[in-house]
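# Notes for the structure review
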Amino acid sequence: MTNMDQHISTEPVERSRIPPFAFVLTICIGVIGSNSLALGPIAPEVARSLDAGASAVMTASAAFGLGTAASAIFLGRFIDRYGPSRMLALALLLLAIGLGGSAAAPALPFLAATQLLVGIAAGVALPAIYTLAAIVAPAGRESETIGLVLTGWTLSMVAGVPMSAAIADFAGWRVTFLVVAAAALIACAAVRMAVVQDAPQAAASSPLTALSVRGAVPLLSACAAFMAAFYGVYAYIGDHLHAVLDLPLSANGFIAAFYGVGFGSAAFLDRLIDRLGAGKLLPLIFLVVAAVYVAMAAASGSYEAMLVVVFFWGLANHFGLNVLIMRLTALCPTRRGAIMGLNSGVTYLALFAGTLVFGTVYSGAGFFILPIAAGGLMLAAALCAALAPR
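Presented here is an overview of the structure given in this document. Source: prediction; values computed, not measured. One numbering rule holds for all chains: residues counted from 1, following each sequence as written. Local features in this predicted model are restricted to residues whose pLDDT is 70 or higher, and side-chain atom pairs enter the listing and the counts only when it is 80 or higher, whereas totals over whole chains, interfaces and linings include all residues. As a convention, hydrogens and water are excluded, and side-chain values are obtained from all of the structure's heavy atoms.

This paragraph deals with the overall build of the protein. By definition, any uninterrupted DSSP run of H or I lasting at least four residues is a helix, any uninterrupted run of E lasting at least two residues is a strand, and each is numbered from the N terminus. Check the secondary structure of the protein and you find 17 helices and zero strands. At 20 Å, the protein has a C-alpha radius of gyration in line with the 21 Å of a compact globule built from 390 residues. The C-alpha extent of the protein, read off along each of the three principal axes, is 60 × 45 × 40 Å. For the protein, the residues scored as buried account for 54% of the 390 residues in total. Of the roughly 16,300 Å² of accessible surface on the protein, 70% is carried by carbon and sulfur atoms. Of note, the protein has its 17 positive side-chain charges centred 13 Å away from the centre of its 15 negative side-chain charges. The globule rule is 2.2 Å times the number of residues to the power 0.38, and the radius of gyration it is compared with is taken over C-alpha atoms. Exposure categories follow from relative accessible area, calculated using a 1.4 Å probe and restricted to protein chains: below 20% of the type maximum is buried, above 50% is exposed, and the middle band is partly exposed. Only the protein chains shown count as cover for residues, and the accessible areas themselves come from Shrake-Rupley with a 1.4 Å probe. We count Lys and Arg on the positive side and Asp and Glu on the negative side, and we leave His and both chain ends out. We put the charge of a Lys on NZ, of an Arg on CZ, of an Asp on CG and of a Glu on CD.

Following this line, the structure appears as structure tokens:
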């Protein structure tokens, strides 16, 4: 029997097992992701139904992102005051109400308003989920637990988005929102029935006081660069494939699927992070992501090569996001909700800024330069992560 086996055998079984509640959190992520990613594919049908342009319909997606960012920054601190499980259940209920309103939207402004409400709910739900993942993770399996929860994004990308599009085709886009609303209610009930030891903590007096926590600023700066790089590149891959490589729109679905499979596959390797230590790994992981972007630029002229690179992009991004969340949640246990709220707020602000700036670059210089710029951002992220105290 090895030393590791001896160590494991003397630990209580309950401490080494990932709790079933982690799977509930995975489903919660999948529900939120299914809404945030589904509007794009069903936009033409929504536009036809509401007598609006497809681009105008995407203002509802922008409203969702704005609501998520503002809510995460300014309401995340209430997770610490009232407890993450209570706030998550409340957020999922609000999410279901907003989705039901989206399904009943008689006009585009109403749809945008209900998606803003959904965004407000998601801005509380996401940091609550990440906080709970850190709370319920068994000692020594923190990375595996958080990685399992993060596979909810894969679930939404590989299963939720195609299913939403299929439902919209056969039953109409309104039914798509109703199905996601029903899933949110089921997730809400599961959270309410679960028993989680997450005693409320004293809340910060200001949503930005969490920035005073040692290490928060460099890690959130790394998050901003990481997310701006991802969203800036991901937003324009589809147009590059269609306009430059002359591929059908269905090719975009395979790009999303390969990314999602790569992202999800990384969950099987997350235990390596627990063994090696998250503190020293984050800068190295960000450097690997930078290398993937350089490879993407080199492969941008070949669809087959892009599929391979995108798989490894998802793999590397999973590790980056996992370790980043581990580092942030470990900074100050009594302010986890506020810190993760800032993380979600920074993420969605980076989505806005990255998409806007990279779009300008794409219009003037083409796709090749985007992964190069993203690689530069990842070098900055690696530097910020290296400066953050462990």
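Another aspect to go through is unusual backbone geometry. The phi torsion at aspartate 51 lies on the positive side, around 55 degrees, for a residue other than glycine. Structurally, aspartate 51 can be placed in the loop between helix 3 (21-50) and helix 4 (54-57). In this structure aspartate 51 comes out as exposed when scored by relative accessible area, which is 74%. Positive phi, normally seen in glycine, also occurs at aspartate 246, with a value near 60 degrees. For aspartate 246, the position within the fold is in the loop between helix 11 (216-243) and helix 12 (250-265).

By convention, a stacked pair of Phe, Tyr or Trp rings (six-membered ring in the case of Trp) has centres within 6.5 Å and planes under 30 degrees apart, an edge-to-face pair has planes over 60 apart, and any other such pair is tilted. Applying the stated criterion across every chain, the model contains 15 aromatic pairs. Where phenylalanine 64 meets tyrosine 348, the ring centres are 6.2 Å apart and the plane angle is 75 degrees; that geometry is what we call edge-to-face. In this pair, phenylalanine 64 sits in helix 5 (residues 59-75) while tyrosine 348 sits in helix 16 (residues 336-365), placing the two residues 284 residues apart along the sequence. Overall, the relative accessible area of 4% leaves phenylalanine 64 in the buried class.

What follows covers the side chain of threonine 114. With respect to the secondary-structure elements, threonine 114 resides in helix 8 (residues 108-136). Reaching out from threonine 114, the side chain makes a polar contact with the side chain of serine 102 at a distance of 2.8 Å. Not counting residues within four places of it along the chain, the set of residues in contact with threonine 114 comprises Gly98, Gly101 and Ser102. Counted as a polar contact is a pair of N or O atoms within 3.5 Å, where, for protein atoms, one must be capable of donating a hydrogen and the other of accepting one, and residues adjacent in sequence contribute only when both atoms are in side chains. Contacts are residue-level and defined by heavy atoms, with any inter-residue pair within 4.5 Å sufficient.

Before going further, it helps to examine the nonpolar core. The biggest cluster of nonpolar side chains holds 131 residues, and the ones touching the most others in it are Leu88, Val233, Tyr293 and Trp313. For valine 233, the contacting residues outside a window of four places in its chain are Tyr293, Met296, Trp313, Phe358, Phe367, Leu370, Pro371 and Ala374. For our purposes a nonpolar core is just a set of buried Ala, Val, Leu, Ile, Met, Phe, Trp, Tyr and Cys residues, chained together by side-chain atoms within 4.5 Å.

The end-to-end C-alpha distance of helix 9 (residues 142-171), which contains 30 residues, comes to 41 Å, matching closely the 44 Å that a straight helix rising 1.5 Å per residue would cover. Bend angle per residue: angle between axes fitted to the 7 residues ending at that residue and the 7 residues starting there. The sharpest bend along helix 9 measures roughly 40 degrees and falls at serine 156. Once helix 9 ends, the next one or two residues include glycine 172, with phi positive near 100 degrees. Expected helix span is computed as 1.5 Å times (number of residues minus one).

On the surface, Val294, Phe352, Leu356, Val357, Val361, Phe368, Ile369 and Ile372 cluster together into a nonpolar patch covering about 710 Å² of accessible area. The dominant element in the nonpolar patch, judged by the number of residues it contributes, is helix 16, at four residues. Nonpolar side chains (Val, Leu, Ile, Met, Phe, Trp, Tyr) within 5 Å and like charges within 9 Å form the patches, drawn only from residues with over 30% relative accessible area and no salt bridge. By definition here, a salt bridge exists when the distance from a side-chain nitrogen of Lys or Arg to a carboxyl oxygen of Asp or Glu is within 4 Å.

On to the packing of helix 15 (residues 303-329) against helix 16, then. Axes here mean lines fitted to C-alpha atoms, for a helix over just the part in contact, with angles spanning 0 to 180 degrees between N-to-C directions. Axis separation between helix 15 and helix 16 bottoms out at 9 Å; the angle between their running directions is 140 degrees. Between helix 15 and helix 16 lies a crossing whose hand is right-handed. Here Leu324, Ile325, Leu328 and Thr329 of helix 15 lie close against helix 16, whose contacting residues are Arg336, Ile339, Met340 and Asn343. Here the nonpolar group is Ala, Val, Leu, Ile, Met, Phe, Trp, Tyr, Cys and Pro; Asp, Glu, Lys and Arg are the charged ones; every other residue, Gly included, is treated as polar. For the contact of helix 15 with helix 16, the per-class residue count stands at five nonpolar, two polar and one charged. Throughout, a crossing is termed right-handed when the near helix is turned clockwise from the far one, and left-handed when it is turned anticlockwise from it by less than a right angle.

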